[in-house]
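Coordinates in review
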Amino acid sequence: KGQADTYERKIALCERSYHLLVEKVGIAPQDIIFDPNVLSVATGIPEHNLYALDFIRATEWIKSHLPEAHVSGGVSNLSFSFRVNNWIRVAMHAVFLFHAQQKGMDFGIVNPSAKVMYNDIPTDKLQIIEDALLRPSQDNVDRLISLAQEIAEQEVEVIEKSEEKSFNKSVEERLKEALTKGNSSNLESDLQEALEKYEYAVKV
């Protein structure tokens, strides 16, 4: 029937697997980690709008009904529809993790350099993201898409201003900034310039 995409399929497969693993195979329940599928929301297909909520609901069910089992998920899948918009992606991940952890999510595959935490998100933007993920009506998802478009336009302006400011810095300063801020927009040309100066990559 394919992957577990709905709440009902997630809990049915996890329950069946749990009993097979514990009762027939003899695996200790605390050694079981379920990944109930973090899937992409706001893809344009209405059924996909429920994916964040279904994962969180399934997590709560697993922790309540399958004693000692753990829950993990690949968080970046959630925001794949917004893959050119970094701020909205990490903000969505922060909101998703905040609520999934409250329901018992133990582990997650995440980007450790993400700079947007749940408490950093402005209240108006937080409301839009939470509405889209936890109360996924089409109107709420459309508001998230509109927010993402606004953020994308602002990010372009910030990048352009940042590039103007970096123009007069030394190659060492530019590389340090690229590393600490995770900005790779001019990294290739800066590295090439550094290689001409230092000769060997290890010296750079």
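Heads up: these notes are all about the structure in this document.

Analysis parameters
Residues numbered from 1 in each chain as written. Predicted model: local features only at pLDDT ≥ 70, side-chain atom pairs only at ≥ 80, totals over all residues. Heavy atoms only, no water. Helix = DSSP H or I, 4+ residues; strand = E, 2+ residues; numbered from the N terminus. Rg over C-alpha atoms; globule rule 2.2 N^0.38 Å. Buried < 20%, exposed > 50% of the residue type's maximum accessible area, 1.4 Å probe, protein only. Contact = heavy atoms within 4.5 Å. Areas by Shrake-Rupley, 256 points an atom, 1.4 Å probe, with all protein chains shown as cover. Lys, Arg positive; Asp, Glu negative; His and termini not counted. Charge placed at Lys NZ, Arg CZ, Asp CG, Glu CD. Phe/Tyr/Trp six-rings, centres within 6.5 Å; stacked < 30°, edge-to-face > 60°. Lys NZ or Arg CZ within 6 Å of the ring centre and 35° of its normal. Core = buried A, V, L, I, M, F, W, Y, C linked by side-chain atoms within 4.5 Å. Polar contact = N/O pair within 3.5 Å; in protein donor to acceptor, adjacent residues only side chain to side chain. Salt bridge = Lys/Arg side-chain N within 4 Å of Asp/Glu carboxyl O.

1. Considering the overall build of the protein
The number of helices and strands found in the protein is seven helices and two strands. In sequence order, the protein lays out its α and β elements as α-β-α-β-α-α-α-α-α. Taking 2.2 N^0.38 as the reference for a compact globule, 204 residues should give roughly 17 Å; the C-alpha atoms of the protein span a radius of gyration of 21 Å, well beyond that estimate. A principal-axis box enclosing the C-alpha atoms of the protein has dimensions of 65 × 45 × 30 Å. Within the protein, buried positions represent 38% of all 204 residues. Within the protein, contacts between residues at least 6 apart in sequence are counted, and of these 63% link residues at least 24 apart. Of the roughly 12500 Å² of accessible surface on the protein, a fraction of 53% belongs to carbon and sulfur atoms. Looking at charge distribution, the protein has the averaged site of its 22 positive side-chain charges lying 3 Å from that of its 32 negative ones.

2. Let's talk about the packing of aromatic side chains
Taken as a whole and judged by the stated rule, the model has two aromatic pairs. Where Phe55 meets Phe96, the ring centres are 5.4 Å apart and the plane angle is 50°; that geometry is what we call tilted. In this pair, Phe55 sits in helix H2 (residues 51-65) while Phe96 sits in helix H3 (residues 86-102), placing the two residues 41 residues apart along the sequence. Just as Phe55 is buried, Phe96 falls in that class too. One Lys or Arg, Arg57, reaches over the ring of Tyr7 and ends 3.8 Å from the middle of that ring. Sitting above the plane of the Phe80 ring, Arg83 keeps its charged end 4.5 Å from the centroid.

3. A short note on the side chain of Asp131
Inspection of the secondary structure assignment puts Asp131 in helix H4 (residues 123-134). Note on Asp131: relative accessible area 9%, which makes it buried. If we ignore the near neighbours within four places in the chain, the residues touching Asp131 are Pro136, Asn140 and Arg143.

4. Here's the deal with the environment of Ser189
Structurally, Ser189 can be placed in helix H7 (residues 187-198). With relative accessibility at 45%, the residue Ser189 sits in the partly exposed group. The spacing of Ser189 and Glu150 is 39 residues in sequence and 30 Å in space, taken between C-alpha atoms.

5. Points about the nonpolar core
Among the nonpolar cores identified, the biggest contains 45 residues, and Met92, Phe96, Ile129 and Leu133 are the most heavily contacted of them. The element contributing the most residues to this core is H3, with eight residues. If sequence neighbours within four positions are ignored, Leu133 has contacts with Val41, Ala52, Leu53, Leu78, Met92, Val95 and Phe96.

6. Describing the side chain of Asn49
If you trace the backbone, Asn49 turns up in the loop between strand E1 (33-34) and H2. Of note is the side chain of Asn49, whose polar atom sits 3.1 Å from the side chain of Gln138. With sequence-adjacent residues up to four places away left out, Asn49 is seen in contact with Val41, Ala42, Ala132, Pro136, Gln138 and Val141.

7. Topic: the pattern of salt bridges
Counted by the stated rule, this structure contains nine salt bridges. The salt bridge involving Arg135 is made with Asp131; its shortest N-O contact spans 2.8 Å. Put simply, Glu177 and Lys169 hold a salt bridge, and the shortest N to O gap is 2.6 Å. According to the relative accessible area criterion, Lys169 is partly exposed, its value standing at 30%. Through salt bridges with shared partners, a single ionic network connects Asp131, Arg135 and Arg143.

8. Quick word on unusual backbone geometry
Backbone geometry at Asn37 places phi at a positive 75°, although glycine is not the residue there. Structurally, Asn37 is set in the loop between E1 and H2. Residue Asn37 is classed as buried on the basis of its relative accessible area of 18%.

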